[in-house]
Amino acid sequence: MLTNFLPRDALLLIGRVLLAGLFLVMGWGKLADFPAAVSYMIQTGAPVPTLSAILAIVVELGAGLALLGGILVEPIAIVLALYTIVTGLIGHHFWTMSGMLRYDMMIHFYKNISIAGGLLALAAAGAGRFAIRLR
């Protein structure tokens with residue numbers, strides 16, 4: 001019924017824009033304040049913090065722009081789903097914490113898992129009609 005009101009392609013575009021927004025904002029923030037990004041990587045225990053920060057910027061900005069444009073959406077959505085799960089495991093390991101910090105990190109962890117689910121659904125559905133096609 002909803003697809004009669006908002007066609008499938010419009011919903012896919014809106015979904016891509018919303019998902020891309022997260023990665024673009026986070027990637028831009030890391031690029032704009034690289035020392036803080038490296039400090040965050042150190043704080044979370046990410047391996048090789050400087051390289052991890054560079055990799056995060058490249059993945060978040062590159063994949064975010066690709067999703068926004070609808071370029072290679074299916075493989076990029078799968079890569080981002082895996083990336084989001086890994087970053088949840090590294091950055092939001094609530095099972096090692098207690099009190100309110102545990103609760104806060106648990107929310108962030110499960111948000112990552114939910115975002116990964118949305119990305120996998122996007123990978124299954126495809127970019128839709130409003131996308132740049134590489135052929």
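Here's a quick rundown of the structure. (Residues numbered from 1 in each chain as written. Predicted model: local features only at pLDDT ≥ 70, side-chain atom pairs only at ≥ 80, totals over all residues. Heavy atoms only, no water.)

### Quick word on the environment of valine 38
Then, in step 1: By secondary structure assignment, the location of valine 38 is in helix H3 (residues 34-44).
Then, in step 2: Once the C-alpha coordinates of valine 38 and serine 52 are considered, the two residues, 14 residues apart in sequence, prove to be 7.8 Å apart.
Then, in step 3: Residues within four places of valine 38 in sequence aside, it is in contact with Pro49, Thr50 and Ala53. (Helix = DSSP H or I, 4+ residues; strand = E, 2+ residues; numbered from the N terminus. Contact = heavy atoms within 4.5 Å.)

### Looking at the side chain of asparagine 112
Then, in step 1: Position of asparagine 112 among the secondary structure elements: in helix H6 (residues 99-125).
Then, in step 2: We classify asparagine 112 as buried; its relative accessible area is 12%.
Then, in step 3: There is a polar contact of 3.3 Å between the side chain of asparagine 112 and the side chain of threonine 87. (Buried < 20%, exposed > 50% of the residue type's maximum accessible area, 1.4 Å probe, protein only. Polar contact = N/O pair within 3.5 Å; in protein donor to acceptor, adjacent residues only side chain to side chain.)

### What to know about helix H2 (residues 8-32)
An α-helix turns once per 3.6 residues; consequently, residues spaced three or four apart project the same way.
Then, in step 1: For H2, which comprises 25 residues, the first-to-last C-alpha distance of 36 Å matches the rise-based estimate of 36 Å (1.5 Å per residue) to within 8%.
Then, in step 2: Among all positions of H2, only Asp9, Ala10, Leu12, Arg16, Leu19, Ala20, Phe23, Gly27 and Lys30 are buried. (Expected span 1.5 Å × (residues − 1).)

### Here we look at the nonpolar core
Then, in step 1: Ranked by size, the top nonpolar core spans 26 residues in total, and within it Leu67, Ile76, Leu80, Tyr83, Leu119 and Leu122 carry the most contacts.
Then, in step 2: Breaking this core down by element, the ones donating at least two residues are H2, H3, helix H4 (49-69), helix H5 (73-91) and H6.
Then, in step 3: Tyrosine 83 has contacts with Phe23, Ala56, Val59 and Glu60, leaving out every residue within four places of it along the chain. (Core = buried A, V, L, I, M, F, W, Y, C linked by side-chain atoms within 4.5 Å.)

### A few points about the packing of H2 against H4
Then, in step 1: Following both chains from N to C, one finds H2 and H4 inclined at 150°, their axes separated by 8 Å at the closest point. On the basis of their axis angle, the class for H2 and H4 is roughly antiparallel. The element H2 and its partner H4 pack so that their crossing is left-handed. Facing Arg16, Val17, Leu19, Ala20, Phe23, Leu24, Met26, Gly27, Trp28, Lys30 and Leu31 of H2, the residues of H4 in contact are Ala56, Ile57, Glu60, Leu61, Gly64, Leu65, Leu67, Leu68 and Gly69.
Then, in step 2: A per-class count over the contact of H2 with H4 returns 14 nonpolar, three polar and three charged. (Axes fitted to C-alpha atoms, helices over the stretch in contact; angles between N-to-C directions. Parallel < 35°, antiparallel > 145°, perpendicular 65-115°, else oblique. Left-handed = near helix turned anticlockwise from the far one by under 90°. Nonpolar A, V, L, I, M, F, W, Y, C, P; charged D, E, K, R; others polar.)

### What to know about unusual backbone geometry
Then, in step 1: Residues other than glycine seldom take positive phi values, yet valine 48 does so here, at roughly 40°.
Then, in step 2: Within the secondary structure, valine 48 sits in the loop between H3 and H4.
Then, in step 3: Residue class for valine 48 comes out exposed when judged on its relative accessible area of 55%.

### Observations regarding the packing of aromatic side chains
Then, in step 1: Under the defined criterion, the tally for this structure stands at five aromatic pairs.
Then, in step 2: On the basis of an interplanar angle of 85° and a centroid distance of 5.6 Å, the ring pair of tryptophan 95 and phenylalanine 109 is categorised as edge-to-face. Within this pair, whereas tryptophan 95 is found in the loop between H5 and H6, its partner phenylalanine 109 is found in helix H6, the two being separated by 14 residues in sequence.
Then, in step 3: With relative accessibility at 9%, the residue phenylalanine 109 sits in the buried group.
Then, in step 4: Centroid distance phenylalanine 109 to tyrosine 110: 5.1 Å. Interplanar angle 85°. Geometry classified as edge-to-face.
Then, in step 5: For tyrosine 110, a relative accessible area of 44% translates into the label partly exposed.
Then, in step 6: In this structure an aromatic cluster arises from ring pairing among Phe94, Trp95, Phe109 and Tyr110. (Phe/Tyr/Trp six-rings, centres within 6.5 Å; stacked < 30°, edge-to-face > 60°.)

These figures come from the coordinates and say nothing about function on their own.
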